[in-house]
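Here are the chains, one letter per residue:
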Amino acid sequence: MAEIKSSDIPVLPWPAVPVPTPDEVYKGLSEQAREYPNWLEANVHFRDVGKKPEKLNRIRVLDCSIKMNIGHWCSSLFAEHGAEVIMVEPPGGDPTRKHTPFGRKDLMFKDSATGEAVGGKFLHECRNKLSITMNLDTAEGRELLKKLAVDADVVIENYPPGQFDAWGIGYRQLSQINPRLVYCWVGQRGQWGPLKDRPWMYDPVAQNACGFTHGTGAPVAFGGRPTRSGFWVCDHVGGTSAAMGIMAALNYRERISGRGQFVEATAAAGIMRIIDYNWGWQGMDGSVRPRFGNWDLAINIYAVNPCKDGQIMVGGGHDRLWFRIWKTVGKDRPELEEHIIEDPALKVVVDRLPFYAQVETYTTLSEWFKDNSRLEAETKLQAEEVASGGVSFTDEVAEFPHFKYRGHVGVIDDVLYGKVLHAPAPQLAQKAPPRLKWIGRPTGYDNEEVYRRIFGFKKDDLDRLKKQGII
Amino acid sequence: MAEQKSFEQYCRETFDAKKIFEKPEAFKGYVAISTTQYILGPSCANYFAELGMETIKIELPRRGEPMRHTTPYNEPFLYPLSKQMPDKGTGLGFFGANHNEYFLSVDFHKPEGVEIVHRIQAKTDIQAENYRPGTFDRWGIGYRQAAKINPRLIYIWMGGFGGWGPGRVRASYDILGQAAGGCFSVTGFPGPGHGHPAIGLPSKHTIWLADYWGGMMGCFAGLAALWWRDNVSGVGEFIEYSQVHGATRHLESALPIYGRYGIIKQRWGDWDTEMCVHGIIKCGKSSYPTSKNPQEMEEGYILVSAPEDGDFARLCQAVSNLKPLAGKYAKADDRIQPAAQTEIYTALEEWAKDKTKEDVWKFMEDNNVNSQPVWSNKECALQEHFQLRDELHWLDDPYFGDVLSQGLPYHLSETPARHRWAFKPVGADNEYILQKYCGYGLDQIRELEKNEII
């Protein structure tokens, strides 16, 4: 058989299936039942964001982070909420721009102005930002950063611990120039302490260090091994917590102190904060949390299991949902319902948590799943108001009617990059919502604009700096 | 001029955990309401409490919210659950999302309960709520009613699919967010035929990621809304956060590449699709050969990271098994190919066969290569680093005594966030809150108790 090349498969424009209309969505509902969803749509629908103000448009953020995602993720949150985010990149650009799966250059994105190729991951976190270049290896480049910091509200950086300080552009020095500056360092394990970061550590360093990798994946008995996340999850969580810290500092500065502060957030600490009950449990009796695959140690039923055409999630931690789930199963397979309901060992909620009880539960449930597709199982379970849904792949996520209707995935018609499918900011707000204005910028695209506007540079200055490799 | 402190010393002093309570709080005097259950909403309000807002968690009386009854294997509990139920405890599932809060119990279904909520809402800056969409509106305590009482209120609704659109009636949990949002589909080992020697299924992130991280996203929006209210507009607003929506935000390159090129991102196990060497390898020897705990008996795992050409050359110098590959895969673009990754990681695992993860770690540090062992929660908890940095700490809790708790995910030099206590029994602060916010006296409170309103 001839090999099929991906370029031979036609790519349909998104959405391949039309977005449902309001009439289809709310068919059969009474006026009264439609009232609340209508109010919500009128107030938070993404189509109206262009009519509304932005929250943080008085804030200027310098994102000096390179080579990893944590800083970019953090500045994305500010950019989505209206801040002016300027990415300060080394000449030639952040090396992360060139990251593309398996080095596939044919899967990169080119802009219409420079033709420079950028990887999808970087482009996705380049949203609403400006890009300038600045060579921080040179003294003159660092002087430029100092000038830029005079009128900045936030600096985010992730260079090796102490590097900016040694260069004379760390918090200690920049806060002398601009006492209102909120300065944030982000990294994997920290910029100080016995395990402080070695230069250029990337996620999953943090995933391994905080117990995440150890707890993810199937148990040994099921042929599993510790598993990292498919994305840079610690960077995402660490970046979000950094943004929370910065936002708190900005609030305090504006209302009370008039001064900025030094913020530090790490990818490891981000996940450590949110890794369930691990620490309480460990502290109580020395327990080492085991891997438990796609099941849950603390809730039964609450799991993802294989079904006819993939995997399906079903959840219901207490009796009411437990019986509804088995009632649904019983409509097709009464003997399975009977088997579970009549088992004295599974009568009480808390008795269902031990390993053997979960094995029995899910083995029985999978008997029913194997004859049902994700959609069939989901539909039957939802008829009983049980939380359920299939494991979706990217194409299914992109085409999920609910997501399309609500703008959870969207296409931006970018001036430079054309039509790009993306996940927008998930917070919908009534009066000043976050939004996507452009998807990204090629390296140094805004040099001229920013250096003229903020520094008052003339063409000669720019040409000289460019020639000397400073910008 | 005095000698300047080393940067390390400066940071240790600036972020010193022992000094946290000597510093001010970022949101002193702010009031937050948490009418939430499970994790998504509670964690959002919890982040406000850590920053100094007086956060009032309102639960249904006696049994409290469902997460109090969730704990691994149903073993560890903290007692008592409530004044009425001293022989029951609260499960550790409740632990990470309710620090520092005040606990009020109110039955929202009764008019007296609604009155209590209104009186508190009148004094509140920000509220997190995660009941089914429209429920609070129907009960008369939703945003539309509250905004009439207090136009400065910021109201964050958090939940599964959101209150409008085709899926609005669907129930959701964290794991459904991970599944429907696409997080499962890219995590774990790939199916057969993808050029990876190991095979596996889409995998769950061990943590309740869509919940806890969703709470963070809600918190950020809330803090931004406070900034906007206090500095620009003077008005509050309604924010809607959908957990399954949030999960799609994690997909990185998957959506842009699918949209333009029609390629559906798959899984790539413990290696990286964009960098090599940057993968987790198995070490042949267990670090705890005499342990009886199956979690410790298994072999060790470690991340070896040498993605740039110079790093890789250094790694090949050091690791005997990689020497033959040094020239062949000198360029990053060649190393990243699936076959090359398989060859490189196989050689590394072969080399690590007779080593523990600690052996490999030390070897890599000595050879100036980045690496990080896969630590269990126990190994992580024993690191001096995290305790020194207050990212993990023992709380002297007024109810539960010494409990090991997660610390704060970020450090602020001037207004650090902090933990005072873990949580309290259901309704523990009824009297304090009803006096302070509702103006009720003792008789009135006893009456409410008798009528099972609180």
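Okay, so let's go over this structure. It should be emphasised that the depicted structure is a prediction, and the values quoted were computed from it without experimental measurement.

**Focus: the overall build of chain B**
- Scanning chain B from N- to C-terminus turns up 18 helices and 14 strands.
- The principal-axis extents of the C-alpha atoms in chain B amount to approximately 85 × 60 × 55 Å.
- Burial analysis of chain B (454 residues in total) assigns 66% to the buried set.
- Intrachain contacts of chain B at a sequence separation of at least 6 include 68% that bridge at least 24 residues.
- Entry remark: accessible area of chain B is about 15,300 Å², with carbon and sulfur atoms responsible for 52%.
- One finds the centroid of the 48 positive side-chain charges in chain B at a distance of 4 Å from the centroid of its 58 negative side-chain charges.

**Observations concerning the layout of surface pockets**
- The computed volume of the second largest pocket comes to approximately 810 Å³.
- Lining the second largest pocket are 33 residues; nearest its centre among them are Arg104(A), Ile263(B), Ile264(B), Lys265(B) and Gln266(B).
- The residue inventory of the lining of the second largest pocket, partitioned by class, reads 18 nonpolar, ten polar and five charged.

**Some thoughts on the interface of chain A and chain B**
- Each side of the interface is counted separately: chain A has 190 residues, and chain B has 186 residues.
- The largest share of the area that chain A buries against chain B comes from Phe102(A), Trp192(A) and Arg273(A), three residues that together contribute 6% of it.
- Taken together, chain A and chain B are joined by 22 salt bridges.
- There are 88 residue pairs in polar contact (both at pLDDT 80 or more) connecting chain A and chain B.
- Broken down by element, the side of chain A that touches chain B gets its largest block of residues, 15 residues, from helix α10 (residues 233-257) of chain A.
- Judged from the three bridges that link them, strand β8 (residues 262-266) of chain A and strand β14 (residues 410-412) of chain B form a sheet pairing that is antiparallel. By the bridge assignment for β14(B), Ala265(A) is matched with Tyr410(B).

**Looking at the pattern of salt bridges**
- All chains considered together, the criterion is met by 85 salt bridges over all chains.
- Residue Arg225(A) is joined to Asp270(B) by a salt bridge in which the shortest nitrogen-to-oxygen separation is 3.5 Å. A residue pair is termed interchain when its members come from two chains, as with Arg225(A) in the loop between α9 (212-215) and α10 and Asp270(B) in the loop between α9 (254-261) and β9 (278-283).
- On the basis of relative accessibility, which here comes to 18%, the residue Arg225(A) falls in the buried class.

**Description of empty space enclosed by the protein**
- Within the structure shown, the criterion is met by nine cavities of 30 Å³ or more.
- Every residue lining the largest cavity is counted, 19 residues in all, and those nearest its centre are Arg228(A), Gly230(A), Phe231(A), Lys265(B) and Thr273(B).
- By residue class, the composition of the lining of the largest cavity is five nonpolar, seven polar and seven charged.

**Structural notes on the pairing of strand β1 (residues 60-63) of chain A**
Residue and element names in this part refer to chain A.
- Every second residue of β1 is oriented toward a common face, with Arg 60 and Leu 62 on one face and Val 61 and Asp 63 on the other, all of them buried.
- Where β1 meets strand β2 (residues 84-89), four bridges bridge the pair, whose relative direction is parallel. Across the sheet, the residue bridging to Val 61 is Val 85, located in β2.
- Remark: the β1/helix α3 (residues 69-80)/β2 crossover connection has right-handed handedness.
- Bridge count between β1 and strand β6 (residues 154-157): three bridges; the pairing is parallel. Its bridge partner being in β6, Leu 62 is matched across the sheet by Val 155.

**Re the packing of helix α13 (residues 319-332) of chain A against helix α15 (residues 355-369) of chain A**
Residue and element names in this part refer to chain A.
- Packing of α13 against α15 brings their axes to within 10 Å, and their N-to-C directions diverge by 40 degrees. Compared by their axis directions, α13 and α15 come out oblique. In this structure, the crossing between α13 and α15 has a hand that is left-handed. Here Trp 322, Ile 325, Trp 326, Thr 328, Val 329 and Asp 332 of α13 lie close against α15, whose contacting residues are Thr 361, Thr 364, Leu 365 and Trp 368.
- In terms of residue class, the contact of α13 with α15 is built from six nonpolar, three polar and one charged.

**Notes on the sheet that holds strand β11 (residues 370-373) of chain B**
Residue and element names in this part refer to chain B.
- Overall, antiparallel pairing links the three strands, which are arranged β9-β10-β11 in an open sheet. Taken across any chain shown, the strands that pair with only one partner, and hence form the sheet edges, are β9 and β11. Across the sheet, the mean angle separating the axes of adjacent strands is 25 degrees when strand polarity is ignored.
- Sheet topology places strand β10 (residues 300-305) next to β11; four bridges connect them, and they run antiparallel. Its bridge partner being in β11, Leu 303 is matched across the sheet by Gln 372.
- The strands touched by helix α14 (residues 357-366) within the sheet are β9, β10 and β11, with β10 carrying the most contacts at an inclination of about 20 degrees.

**Side note on the side chain of Asp397(B)**
Residues and elements named next belong to chain B.
- Among the structural elements, Asp 397 can be located in strand β12 (residues 392-397).
- With no salt bridge to any partner, buried Asp 397 finds its closest opposite charge in Lys 424, at an N-O distance of 8.7 Å.
- Here Phe 400 takes part through its backbone nitrogen, which lies 3.0 Å from a polar atom of the side chain of Asp 397.
- Of note is the side chain of Asp 397, whose polar atom sits 2.6 Å from the backbone nitrogen of Ala 422.
- When near neighbours in sequence (up to four residues on either side) are disregarded, Asp 397 contacts Val 403, Trp 421, Ala 422 and Phe 423.

**Some points on the nonpolar core**
- Formed by 187 residues in total, the largest nonpolar core has its most connected members in Phe78(A), Ile246(A), Ile271(A), Leu223(B) and Val277(B).
- No other element matches helix α7 (residues 209-233) of chain B, which puts 13 residues into this core.
- If we ignore the near neighbours within four places in the chain, the residues touching Leu223(B) are Met244(A), Met247(A), Ala248(A), Asn251(A), Phe27(B), Phe48(B), Leu51(B) and Met53(B).
- Counting 41 residues, the second largest nonpolar core, distinct from the first, contains Leu104(B), Ile120(B), Ile141(B) and Ala147(B).

**What to know about the packing of aromatic side chains**
- Using the criterion set out here, one finds 57 aromatic pairs over all chains in the structure.
- Ring centres of Tyr183(A) and Phe262(A) lie 5.5 Å apart, and the angle between their planes is 75 degrees; this geometry places the pair in the edge-to-face category. Taken together, the residues span a long stretch of sequence, with Tyr183(A) in strand β7 (residues 182-187) and Phe262(A) in strand β8 at a distance of 79 residues. For the pair Tyr183(A) and Phe262(A), a shared accessibility class is recorded, and that class is buried.
- Look at Trp361(B) and Trp375(B): their rings are 5.6 Å apart centre to centre, the planes differ by 85 degrees, and that puts the pair in the edge-to-face class. With a gap of 14 residues between them, Trp361(B) in helix α14 and Trp375(B) in the loop between β11 and α15 (377-381) connect regions that are remote in the sequence.
- Within the aromatic cluster, the residues linked to one another by ring pairs are Phe222(A), Tyr277(A), Trp281(A), Phe292(A), Trp295(A), Phe355(A), Tyr362(A), Tyr73(B) and Trp208(B).
- The lysine or arginine in question, Arg249(B), covers the ring of Trp73(A), its NZ or CZ lying 4.5 Å from the ring centre.
- The aromatic ring of Trp351(B) is capped on one face by Lys355(B), whose charged end is 4.3 Å from the ring centroid.

**Quick word on the state of the cysteines**
- Counted under the stated rule, the structure contains zero disulfides over all chains.
- Of all cysteine sulfurs in the structure, the one in Cys234(A) sits closest to Cys210(A), which takes part in no disulfide; the separation is 4.4 Å.
- Accessibility expressed as a relative area gives 0% for Cys210(A), which makes it buried.
- Cysteine Cys11(B) is unpaired, with the sulfur of Cys184(A) as its nearest cysteine sulfur at 12 Å.
- With a relative accessible area of 0%, Cys11(B) lands in the buried category.

**Some words on the sheet that holds strand β11 (residues 387-390) of chain A**
All names here are of chain A.
- As summarised here, the arrangement of the three strands in space is β9-β10-β11, forming an open sheet in which the pairing is antiparallel. This sheet does not close on itself; its edge strands, each paired only once, are β9 (302-307) and β11. Ignoring which end each strand starts from, the neighbouring axes of this sheet average 20 degrees apart.
- Here four bridges tie strand β10 (residues 310-315) to β11, and the two strands are oriented antiparallel to one another. Residue pairing for β11: Val 314 is matched across the bridge by Ser 388.

**Observations regarding helix α19 (residues 447-455) of chain A**
Residues and elements named next belong to chain A.
- By the burial criterion, the buried members of α19 are Asn 447, Val 450, Tyr 451 and Phe 455. Buried residues along α19 cover an arc of 95 degrees about the axis, so they all sit on one side.
- Here the buried face of α19 lies against β2, β5 (129-133), α5 (139-150) and α20 (459-467).
- With its phi angle positive at about 70 degrees, Gly 456 sits one or two positions after the end of α19.

So, how was this worked out
Residues numbered from 1 in each chain as written. Chains lettered and ligands numbered in written order. Predicted model: local features only at pLDDT ≥ 70, side-chain atom pairs only at ≥ 80, totals over all residues. Heavy atoms only, no water. Helix = DSSP H or I, 4+ residues; strand = E, 2+ residues; numbered from the N terminus. Buried < 20%, exposed > 50% of the residue type's maximum accessible area, 1.4 Å probe, protein only. Contact = heavy atoms within 4.5 Å. Areas by Shrake-Rupley, 256 points an atom, 1.4 Å probe, with all protein chains shown as cover. Lys, Arg positive; Asp, Glu negative; His and termini not counted. Charge placed at Lys NZ, Arg CZ, Asp CG, Glu CD. 1 Å grid on protein atoms, 1.4 Å probe; cavity = no way out; pocket = protein on both sides within 12 Å on 5 of 7 lines; lining within 4 Å. Points joined across faces, edges and corners; volume = space filled by probe spheres on them. Nonpolar A, V, L, I, M, F, W, Y, C, P; charged D, E, K, R; others polar. Buried area = accessible area lost by both parts, 1.4 Å probe. Salt bridge = Lys/Arg side-chain N within 4 Å of Asp/Glu carboxyl O. Polar contact = N/O pair within 3.5 Å; in protein donor to acceptor, adjacent residues only side chain to side chain. Pairing = 2+ DSSP bridges. Right-handed = clockwise from strand over helix to strand, strands pointing away. Axes fitted to C-alpha atoms, helices over the stretch in contact; angles between N-to-C directions. Parallel < 35°, antiparallel > 145°, perpendicular 65-115°, else oblique. Left-handed = near helix turned anticlockwise from the far one by under 90°. Core = buried A, V, L, I, M, F, W, Y, C linked by side-chain atoms within 4.5 Å. Phe/Tyr/Trp six-rings, centres within 6.5 Å; stacked < 30°, edge-to-face > 60°. Lys NZ or Arg CZ within 6 Å of the ring centre and 35° of its normal. Disulfide = S-S within 2.5 Å. Arc of directions from axis to C-beta.

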